[in-house]
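# Observations on the three-dimensional arrangement
Each chain is listed here by its residues.
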Amino acid sequence: MAAGECILYPCYFNAHYTREEGRRVPRSLGVKGPVVTDIERALRKSGIPCRVEEHHHPSHWTRHEGRVIAEWTDKKGALIRKVAQKLEVRK
């Protein structure tokens, strides 16, 4: 991973997960069943360059959800919040 990159996993935004399970946003900003394409779409809407990889979260190695690498030099928490606010709720 190069300098100025942040890794984002779908579990960060899953409203059904606890903080212990990997959720990094308040439940009110979380969504049901986020996938990497949702995160990628939210980043692109924000004008943040990114790429998708087939890696899994270390704690969730059986899920194979993938991850998104975003070009970001600020704090990771700020990026997570920005993405969470752009995620669309699927019905």
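Residues numbered from 1 in each chain as written. Predicted model: local features only at pLDDT ≥ 70, side-chain atom pairs only at ≥ 80, totals over all residues. Heavy atoms only, no water.

## Section: the overall build of the protein
Put simply, the rule is: Secondary structure counts use DSSP, requiring at least four H or I residues in a row for a helix and at least two E residues in a row for a strand, with both numbered from the N terminus. The reference for a compact globule is 2.2 Å times residues^0.38; the radius of gyration itself is calculated from the C-alpha atoms. Only protein chains enter the accessibility calculation, which uses a 1.4 Å probe. A residue is then buried if its area is under 20% of the maximum for its type, exposed if over 50%, and partly exposed in between. What makes two residues a contact is simply this: any of their non-hydrogen atoms within 4.5 Å. Only the protein chains shown count as covering a residue, and every accessible area follows the Shrake-Rupley method with a 1.4 Å probe. Asp and Glu are treated as the negative residues and Lys and Arg as the positive ones, with His and the ends of the chain left uncounted. Charge positions are represented by NZ for Lys, CZ for Arg, CG for Asp and CD for Glu.
Secondary structure assignment for the protein yields two helices and three strands. Counting from the amino terminus, helix and strand elements in the protein follow one another as β-α-β-β-α. Taking 12 Å as the expected radius of gyration for a compact globule of 91 residues, we find that the protein reaches 12 Å, a close match to that expectation. Principal-axis analysis of the C-alpha atoms gives the protein an extent of 30 × 25 × 20 Å. Each of the 91 residues in the protein was classed as buried or not, and the buried ones make up 44%. Taking as baseline every contact in the protein between residues at least 6 positions apart, the subset at least 24 positions apart corresponds to 61%. Of the roughly 5500 Å² of accessible surface on the protein, 50% is carried by carbon and sulfur atoms. Averaging the locations of the 18 positively and 11 negatively charged side chains of the protein gives two centres separated by 6 Å.

## Points about the environment of Ile80
Its location among the elements puts Ile80 in helix α2 (residues 76–86). Its relative accessible area of 2% is what places Ile80 among the buried residues. Those residues in contact with Ile80 that lie beyond four places of it in its chain are Leu8, Tyr12, Phe13, Arg24 and Val25.

## Concerning the pattern of salt bridges
Heads up, the rule is: In what follows, salt bridge is the name for a side-chain nitrogen of Lys or Arg lying within 4 Å of a carboxyl oxygen of Asp or Glu.
Applying the stated criterion to the full structure yields five salt bridges. Between Arg51 and Glu53 there is a salt bridge whose closest N-O contact spans 3.4 Å. Its relative accessible area of 36% is what places Arg51 among the partly exposed residues. Put simply, Glu53 and Arg67 hold a salt bridge, and the shortest N to O gap is 2.7 Å. Of this pair, Glu53 sits in strand β2 (residues 50–53) while Arg67 sits in strand β3 (residues 67–71); the two residues are 14 residues apart in sequence, bridging distant segments of the chain. As far as the burial class goes, Glu53 and Arg67 line up, both buried. Each of Glu5, Arg51, Glu53 and Arg67 takes part in one network of salt bridges that share partners.

## Here's the deal with the sheet that holds strand β1 (residues 5–8)
Test applied: Strands qualify as paired when DSSP identifies two bridges or more between them. Comment: axis = line fitted to C-alpha atoms, over the contacting stretch for helices; angle = value between 0 and 180 degrees taken between N-to-C directions.
With respect to topology, three strands assemble into an open sheet ordered β1-β3-β2, the strand pairing being antiparallel. The outermost strands of the open sheet, each flanked by one partner alone, are β1 and β2. Taken over all neighbouring pairs, the strand axes of this sheet differ in orientation by 25° on average, direction set aside. In this sheet, β3 lies alongside β2 in antiparallel orientation, the contact comprising four bridges. Opposite Glu53, over in β3, you have Arg67 as the bridge partner. Here α2 sits on the sheet and contacts β1 and β3; the angle it forms with β1, its principal contact strand, is near 50°.

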